[in-house]
Amino acid sequence: MRQVVRPAGDGSSARIRLSNAYGTSPVRVTGATIAYAGQGASVRPESVRRLTFGHAVSADIPAHGTLTSDPARLNVRAFQPLVVTLYFAGTTGPATFHAQAYATSYRAQGDHLADASASAFTQTTHSWYYLSGVDVAGGTRKGDAVVAFGDSITDGFGSTSDANGRYPDELAERLAATGRPRPVLNAGIGGNLLLNDSAWYGDRSSARFRRDVLDQPGVGTVVVLEGINDIGFSESDTPTFKPAPVVSADELIAGYRRLIRDAHAKGIKVVGATLLPFKNSDHWGEHAASVSNAVNRWIRTSGEYDAVVDLDRALAAPGDPDMLNPAFDSGDHLHPNDLGYTTMARLIADRL
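Overview of the structure. Once a new chain begins, its residue numbering starts again from 1 and follows that chain's sequence as written. Local features in this predicted model are restricted to residues whose pLDDT is 70 or higher, and side-chain atom pairs enter the listing and the counts only when it is 80 or higher, whereas totals over whole chains, interfaces and linings include all residues. Each side-chain value is derived from all of the structure's non-hydrogen atoms; neither hydrogens nor water enter the calculation.

**Comments concerning the overall build of the chain**
Per the secondary structure count, the chain includes 8 helices and 21 strands. For a compact globule the rule gives 2.2 Å times the number of residues to the power 0.38, and the radius of gyration it is set against comes from C-alpha atoms. For the chain, the C-alpha radius of gyration of 20 Å lies close to 20 Å, the compact-globule estimate for 352 residues. Here the chain holds 352 residues, and the buried ones make up 51% of them. When contacts within the chain are restricted to residue pairs at least 6 apart in sequence, long-range pairs at least 24 apart make up 77% of them. Element-wise, carbon and sulfur atoms account for 50% of the exposed surface of the chain, whose accessible area totals about 15000 Å². Looking at the chain, you have 33 positive and 37 negative side-chain charges, and the mean spots of the two groups are 8 Å apart. Numbering of helices and strands runs from the N terminus, with a helix taken as a DSSP run of H or I at least four residues long and a strand as a DSSP run of E at least two residues long. Note on classification: 1.4 Å probe, protein chains only; a residue is buried when its accessible area is under 20% of the maximum for its type, exposed when over 50%, partly exposed between these limits. Only heavy atoms enter the contact rule, under which two residues are in contact if any of them lie within 4.5 Å. Each accessible area value is a Shrake-Rupley result obtained with a 1.4 Å probe; residue values ignore everything except the protein chains displayed when judging cover. A residue counts as positive if it is Lys or Arg and as negative if it is Asp or Glu; His and the chain ends are not included. Charged side chains are reduced to one point each, which is NZ for Lys, CZ for Arg, CG for Asp and CD for Glu.

**What about helix α2 (residues 167–177)?**
Since one α-helical turn is 3.6 residues long, residues separated by three or four positions face the same way. The complete set of buried residues in α2 reads Tyr167, Pro168, Asp169, Glu170, Leu171, Ala172 and Leu175. Structurally, α2 contributes buried residues whose contacts are with β15 (145–150), α1 (152–155), β16 (184–188), β17 (219–225) and α8 (338–349). Just past α2, the residue Gly179 takes up positive phi, approximately 80°.

**Topic: the packing of helix α5 (residues 249–265) against helix α6 (residues 286–301)**
With axes taken as lines fitted to C-alpha atoms, and helix axes fitted only over the stretch in contact, angles between N-to-C directions fall between 0 and 180 degrees. Contact pair α5 / α6: the axes reach a minimum separation of 9 Å and the direction vectors enclose 35°. By crossing handedness, the relation of α5 to α6 is classed as right-handed. Two secondary-structure elements touch here, α5 through Ala249, Leu252, Ile253, Tyr256, Arg257 and Ile260 and α6 through Val291, Ala294, Val295 and Trp298. Crossing handedness follows the turn of the near helix against the far one: under a right angle anticlockwise gives a left-handed crossing, and clockwise gives a right-handed one.

**Overview of the pattern of salt bridges**
Counted as salt bridges are all cases of a side-chain nitrogen of Lys or Arg within 4 Å of a carboxyl oxygen of Asp or Glu. Going through the model one piece at a time under the given rule, you end up with 18 salt bridges. A salt bridge links Arg208 to Asp212, with the nearest nitrogen and oxygen atoms 2.8 Å apart. Within this pair, Arg208 and its partner Asp212 are both found in helix α3 (residues 205–214), separated by 4 residues, close to a single helical turn. Asp212 gets classed as buried once you look at its relative accessible area, which sits at 15%.

**What about the packing of α3 against α5?**
At a minimum axis distance of 10 Å, the contact between α3 and α5 shows a crossing angle of 25°. For the element pair α3 / α5, the angle class is roughly parallel. Along this stretch, α3 crosses α5, giving a crossing that reads as right-handed. Across the interface between the two elements, Ser205, Ser206, Phe209 and Leu214 of α3 pack against Leu259, Asp262 and Ala263 of α5. In this count, Pro and Cys sit with the nonpolar residues alongside Ala, Val, Leu, Ile, Met, Phe, Trp and Tyr, while Asp, Glu, Lys and Arg are called charged and the others, Gly among them, polar. Of the residues contributing to the contact of α3 with α5, the split by class is 4 nonpolar, 2 polar and 1 charged. An angle counts as roughly parallel when it lies under 35 degrees, as roughly antiparallel when it exceeds 145, as roughly perpendicular when it falls between 65 and 115, and as oblique in every other case.

**Here's the deal with α8**
Helix span, expected: 1.5 Å multiplied by one less than the number of residues in the helix. Over its 12 residues, α8 extends 16 Å from the first C-alpha to the last, a length consistent with the 16 Å expected when each residue adds 1.5 Å. Where α8 is buried, its residues touch α1, α2, β17, β19 (307–309) and α7 (311–314). As used in this structure description, the phrase polar contact means that two N or O atoms lie within 3.5 Å; if the pair is within protein, one of them must be able to donate a hydrogen and the other to accept it, and residues adjacent in sequence are counted only when both atoms belong to side chains. Capping the start of α8, Asn337 holds a side-chain oxygen 3.2 Å from the backbone nitrogen of Leu339, two or three residues further along.

**Overview of the packing of aromatic side chains**
For this analysis, a ring pair means two rings from Phe, Tyr or Trp (six-membered ring only for Trp) whose centres lie within 6.5 Å, classed as stacked if their planes differ by under 30 degrees, edge-to-face if by over 60, and tilted for the remaining angles. In total, this model carries 10 aromatic pairs according to the counting rule given. Relative to Phe241, the ring of Phe233 lies with its centre 3.9 Å away and its plane at 5°, an arrangement referred to as stacked. Both residues of the pair, Phe233 and Phe241, count as buried. Both rings, one in Tyr256 and one in Trp298, keep their centres 5.9 Å apart while their planes meet at 10°; by these two values the pair is stacked. Of the two residues, Tyr256 is situated in helix α5 and Trp298 in helix α6; the sequence distance between them amounts to 42 residues. For Tyr256, a relative accessible area of 1% translates into the label buried. Put simply, the rings of Tyr201, Phe233 and Phe241 pair up and form one aromatic cluster.

**What about the side chain of Thr96?**
Note that Thr96 resides in the loop between β9 (82–87) and β10 (97–98). Within the structure, the side chain of Thr96 is placed 3.0 Å from the backbone nitrogen of Tyr22, a separation counted as a polar contact. With near-sequence residues (within four places) excluded, Thr96 lies in contact with Ser19, Asn20, Ala21, Tyr22, Gly23, Tyr129 and Tyr130.

**Overview of the environment of His126**
Considering the arrangement of structural elements, one finds His126 in the loop between β12 (123–125) and β13 (128–129). A relative accessible area of 41% means that His126 is categorised as partly exposed. With 36 residues separating them along the chain, His126 and Asp162 place their C-alpha atoms 9.5 Å apart. Contact partners of His126, with chain neighbours within four places excluded, come to Ala99, Gln100, Ala101, Tyr102, Ala103, Thr104 and Ser161. Here the side chain of His126 touches Thr104 through a polar contact of 3.4 Å, side chain to side chain.

**Notes on the sheet that holds β17**
What makes two strands pair is DSSP finding at least two bridges between them. Here we have 5 strands laid out as an open sheet, ordered β16-β15-β17-β18-β19, and parallel in their pairing. Each of the sheet's edge strands pairs with one partner strand only, and the pair in question is β16 and β19. The average undirected angle you get between the axes of adjacent strands in this sheet is 20°. As judged from the 6 bridges shared by β15 and β17, these two strands associate in the parallel manner.

The following block contains the structure:
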């Protein structure tokens, strides 16, 4: 499995983190490499580094657990794509994966860890498997990392595949372009809920906040954009949204307060983002509209966040504050397009 990632920071070494969080038995990683990306599934041959795990080339990812490689010496530049290649000689069983990567990943039969060529990688997917992070170290210290924490809007749904048009990518680029470079970590999961777990969309935000924000190295700020699924799932008949408890604004506000409290306890600044307009989407309904308005009013006026970015008003359609501006709409009236994500990045950058 060959997967393309793009770090947002510089360094002289890199290591990978693998997750088997949803696996019920260990997964054997026969081998792994990291390299500079070429075209498609190819890599630059001079850059291929074999990764080890406790100085061994093979290791098990424990059931429900994680595995981190040893650092490999590799000069990494911000926004330079890297390719992580994983080889599994045996059966893995159902994979822990990130469903919507908005980037092409590649598969081949057999051991092609060190291949520079793309010729063996004849199968493609748009998910990331087992790979949960790439840590870059040894660079000149810059700003503290920013975690973009949220659901499919943070994940990048509606953006152009292989274009790095998600708002966290755009945010990292904008910070660098304005002389304030900071690594930006994308902790968005499509379908994520603030208050409830989902068999389809994973752990609720409050359950994964420590793993995805508090325990990440070097984090100074988290941007919270969550809650639209808690509000909207109950308005839809989509089977994957069920069960979908009807939640109140007070329940969501209590959830936000828990995140703020936990972040502040670690000295992390919290930027609150208002929920985007979503009229005419499959999340829209009378109750959803009422709760969204109440939640956004609290985000704007409570003073409990360290800073607030009002995406709701900035991305609303002229003449209809409940509707996403058609210029920013990917087509489902819920998720922004590339221009919408660029606009979000600019607005958020101004609040950091």
